[in-house]
Amino acid sequence: MHILGISGSLRRASFNTALLHAAQELMPDGTVITIHDLHDLPLFDQDVEAQGDPALVVALKDAVTQADALLLACPEYNGGITGVLKNAIDWLSRPGVSRDAAPLAGKRVCIMGASPGVTGTVRAQDQLRLILRRAGAVVEPQGEVLVFQAHTKITDGRLSDERTRDFLARHLNHFLEILA
Ligand code: FNR
């Protein structure tokens, strides 16, 4: 099983990227999470798309297409998802000129998020679910991973809070059961 992990934050010390690293550690044998970096992904532009996807877009689309499923780590900015993540989803929601189908069409996606606040990205994740559904992706499983007060649970880039690690492990295992 190969899962592609994407963080909606470009920040070096991102709590959300740290969640992806925790997920990598918590995966059972036989399941691998590869993290795809969104630095330098061009802004979506229909004129550019019409000329053929730029190389970094092709790389992202290939990675998503080849993955069995996606794991998205979703920060919250101003009550919604980050521009970085929305931009990636906009590219991935389109076949472009050289593909038959959009990479997100029918793709199964697990989402999670962390923020220093007390709501733990719940608003951004609600928005992300809607956006992914519009793009034809399937969000699984039902529950939510909302890592609130993330600065108390993620230290030196590591998810150190044991209860949160256990919860995340259970959520990911549930996702894997659905994928099996
Ligand atoms: C934030 N932050 C934030 N947090 C939150 O829980 N709800 C929100 O609406 C916002 N809004 C917001 C807007 C902008 C422009 C910034 C820069 C930040 C705080 C945010 O959760 C915090 O910076 C996290 O650390 C971002 O995630 P990463 O980079 O740690 O993954």
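Our structure's up above, just so we're on the same page.
Only a predicted model underlies this, so the values are computations on that prediction, with no experimental measurement involved. (Residues numbered from 1 in each chain as written. Predicted model: local features only at pLDDT ≥ 70, side-chain atom pairs only at ≥ 80, totals over all residues. Heavy atoms only, no water.)

Engineer: Could you clarify how one ought to interpret the pairing of strand β2 (residues 32–36) in this entry?
Structural biologist: A regular strand carries its side chains on alternate faces of the sheet. Summarising the sheet, strand β1 (residues 2–7) and β2 pair through five bridges and their orientation is parallel. Bridge pairing in β2 links G5 to I35. (Pairing = 2+ DSSP bridges. Helix = DSSP H or I, 4+ residues; strand = E, 2+ residues; numbered from the N terminus.)

Engineer: Would you take a moment to explain the side chain of K153 for this structure?
Structural biologist: Residue placement: K153 occurs in the loop between β6 (146–147) and β7 (154–155). Buried within the structure, K153 lacks any salt-bridge partner; its nearest side chain of opposite charge belongs to D161, at an N-O separation of 5.6 Å. Within the local environment of K153, its side chain forms a polar contact with the backbone oxygen of F148, the two atoms lying 2.8 Å apart. Once residues within four sequence positions are removed from consideration, K153 is found in contact with V147, F148, R158, L159, S160, D161 and T164. (Buried < 20%, exposed > 50% of the residue type's maximum accessible area, 1.4 Å probe, protein only. Lys, Arg positive; Asp, Glu negative; His and termini not counted. Salt bridge = Lys/Arg side-chain N within 4 Å of Asp/Glu carboxyl O. Polar contact = N/O pair within 3.5 Å; in protein donor to acceptor, adjacent residues only side chain to side chain. Contact = heavy atoms within 4.5 Å.)

Engineer: Which parts of the structure should I look at to understand the environment of I178?
Structural biologist: Structurally, the position occupied by I178 is in helix α6 (residues 162–179). Among all residues touching I178, those that are not within four sequence positions of it are R108, E140 and P141.

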